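Observations on the three-dimensional arrangement
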Amino acid sequence: MKLKKILVLEDEASIRSFVVINLRRSGYEPIEAESGVDALEKLKMNPDICLALLDVMLPDIDGFEVCRRIRASGSKMGVIMLTAKSQEIDKVTGLMTGADDYVTKPFSPAELTARVDALIRRLGIDDIDKASNEIVSGPFLLNTRNRTLEKNGQRVKLTQIEYLLMRLFLQNPGRAMSREDILSSVWGNEFTGELKTVDVNIRRLRIKIESDPTEPEYLTTVWGYGYKWGY
Ligand code: CA
C-alpha cells in the first residue's frame, strides 16, 4: 500500500524531527522542508503530497505565503498551520489564506496526528484513494489494488489472466476489442500464442461471470472480430 505523503515545513530541526518521527509512526510518509523556498521546491517534486504542515515563522518566506502559493496553484491539498501560542492573530490569517486547520505549539504527538487524520478524513483523501482503485460496471466491482472481482457483492475467484481480461474490458466499456488487441494487452507483445487462447480464456471467464454463459449478457461476441463489454 502506498503511504500518504505529508510535507513538514519547519525550520527548527528539533521540532521538525519530532513531527517527522510521529507521522512516520502513524503510517505517513513525511517530506521534510526547512525553509519556505525548500517547501515550494519539494511540493513541485512531489505532486502527490496530500497534506502540508506549515510553520509560520521562517527565515525566508513565511508559512502563510507558502499556503497562499499552494492555493494559488489550484491545489486542494490539506493545509495545517503550526502556530506559536502567542500568535492568536495567526489563526485568523491562516484560515484567510486558505489553511484548513491550525495546531498551536507546543503540541503533543497525539494531538498532531489526530488533527492530520481528521483532516484527511474530512477532505475525503481516503475515499479518493479508494475510488481510484475500483471500477464499477453493473453488478461488478473490480478492485485493481487487491486484484479482486465481486458480482453483487459476492467474490468471484479469477486467475491472473482472467483478472487482466476483466480489467481490460472494464476499462474499455462498449468498445469492440479485436482478438489481436486482447492477446497483446493481456499476454504481452512478446507472446506468440494463438488467437484461440483468447477464445478459450473468454469462455472460462464467461462461466464465472455470466448467469448463462451460452447467452452472455456482459462479455459479448463481436462476430468475425473479437469481444466487447456490452453492459
Ligand atoms: Ca519557526
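Residues numbered from 1 in each chain as written. Predicted model: local features only at pLDDT ≥ 70, side-chain atom pairs only at ≥ 80, totals over all residues. Heavy atoms only, no water.

A separate point is the environment of L168. By the element assignment, L168 lies in helix α7 (residues 160-171). In this structure L168 comes out as buried when scored by relative accessible area, which is 11%. With twelve residues separating them in the primary sequence, L168 and V156 have C-alpha atoms 17 Å apart. With residues up to four places along the chain from it excluded, the contact list for L168 reads M177, I182, S185 and V186. (Helix = DSSP H or I, 4+ residues; strand = E, 2+ residues; numbered from the N terminus. Buried < 20%, exposed > 50% of the residue type's maximum accessible area, 1.4 Å probe, protein only. Contact = heavy atoms within 4.5 Å.)

Size of an interface: often given as the accessible area lost when the parts come together. Here the protein is described as being made up of domain 1 (5-123) and domain 2 (127-229). Just the C-alpha atoms count here: the centres of domain 1 and domain 2 sit 43 Å apart. (Domains from an automatic or database assignment.)

In an ideal tetrahedron of four donors about a metal, each angle is 109.5 degrees. In an ideal octahedron of six donors, the angles are 90 or 180 degrees. Note on the calcium ion: its protein donors are D11 (OD), D55 (OD) and M57 (O). The metal-donor distances range over 2.2 to 2.4 Å. Motif for the calcium ion, donor spacing along one chain: D-x43-D-x1-M. Note that D11 is positioned in the loop between β1 (4-9) and α1 (13-25) and D55 in strand β3 (residues 49-55), a separation of 44 residues in sequence. When its relative accessible area of 30% is taken as the criterion, D11 is described as partly exposed. (Donors = N, O, S within 2.8 Å, 3.2 Å for Na, K, Ca; no water.)

Considering all chains together, one arrives at 13 salt bridges under this definition. The shortest N-O distance in the salt bridge between K105 and D55 comes to 2.9 Å. With K105 in strand β5 (residues 101-105) and D55 in strand β3, this pair connects stretches of sequence that are 50 residues apart. A salt bridge links E65 to R69; the shortest N-O distance between them is 3.0 Å. Highlighted residues: E65 and R69, both in helix α3 (residues 63-72), separated by four residues, approximately one helical turn. Taking relative accessible area as the criterion, E65 reaches 23% and is therefore assigned partly exposed. Residue R69 is classed as partly exposed on the basis of its relative accessible area, which comes to 39%. The structure contains a network of salt bridges with shared partners spanning E10, D55 and K105. (Salt bridge = Lys/Arg side-chain N within 4 Å of Asp/Glu carboxyl O.)

This brings us to the sheet that holds strand β11 (residues 219-222). Pairing within the open sheet is antiparallel, and its three strands lie in the order β10-β12-β11. The sheet is open, and its two borders are formed by β10 (177-178) and β11, each paired with just one other strand. Two strands pair when backbone bridges link them, and β11 and strand β12 (residues 226-229) are joined in this way by four bridges, in the antiparallel orientation. In the strand pairing of β12, T221 is matched with Y227. Strands in contact with α7 are β10, β11 and β12; relative to β12, the strand with the most contacts, it is inclined by about 65 degrees. (Pairing = 2+ DSSP bridges. Axes fitted to C-alpha atoms, helices over the stretch in contact; angles between N-to-C directions.)

Here we come to the packing of aromatic side chains. The geometry of an aromatic ring pair is captured by the separation of the ring centres together with the interplanar angle, meaning the angle of the planes. By the definition in use, this model includes four aromatic pairs. Each ring, one from F18 and one from F107, has its centre 6.2 Å from the other, and the planes form 40 degrees; the classification is tilted. You can see F18 sitting in helix α1 and its partner F107 sitting in the loop between β5 and α5 (109-122), a full 89 residues away along the chain. Residue classification places F107 among the buried positions, given a relative accessible area of 9%. With a centroid separation of 4.9 Å and an interplanar angle of 90 degrees, the aromatic rings of F140 and Y218 are classed as edge-to-face. Here the residue F140 occupies a position in strand β7 (residues 140-143), and Y218 occupies one in the loop between α9 (196-209) and β11, the gap between them amounting to 78 residues. Like F140, the residue Y218 is buried in the burial classification. An aromatic cluster is present here, built from F140, Y218 and W229 joined pairwise through their rings. (Phe/Tyr/Trp six-rings, centres within 6.5 Å; stacked < 30°, edge-to-face > 60°.)

Moving on to the nonpolar core. Note that soluble globular proteins tend to have their nonpolar side chains buried in a common cluster. With 25 residues, the main nonpolar core has L149, M166, F169, I182, I209, L219 and W229 as its most contacted residues. Of the residues forming this core, the biggest block, six residues, is contributed by α7. Residues L43, I49, C67 and M77 belong to the second largest nonpolar core, which totals 19 residues. (Core = buried A, V, L, I, M, F, W, Y, C linked by side-chain atoms within 4.5 Å.)

Right, let's talk about the packing of α1 against α5 for a bit. At their nearest, the axes of α1 and α5 sit 10 Å apart, and the two run at 60 degrees to each other. Considering the angle they form, α1 stands oblique to α5. Here the hand of the crossing between α1 and α5 comes out right-handed. On α5, the residues that touch F18, V19, N22 and L23 of α1 are P109, L112, T113 and V116. Tallied by class, residues from the contact of α1 with α5 come to six nonpolar, two polar and no charged. (Parallel < 35°, antiparallel > 145°, perpendicular 65-115°, else oblique. Left-handed = near helix turned anticlockwise from the far one by under 90°. Nonpolar A, V, L, I, M, F, W, Y, C, P; charged D, E, K, R; others polar.)

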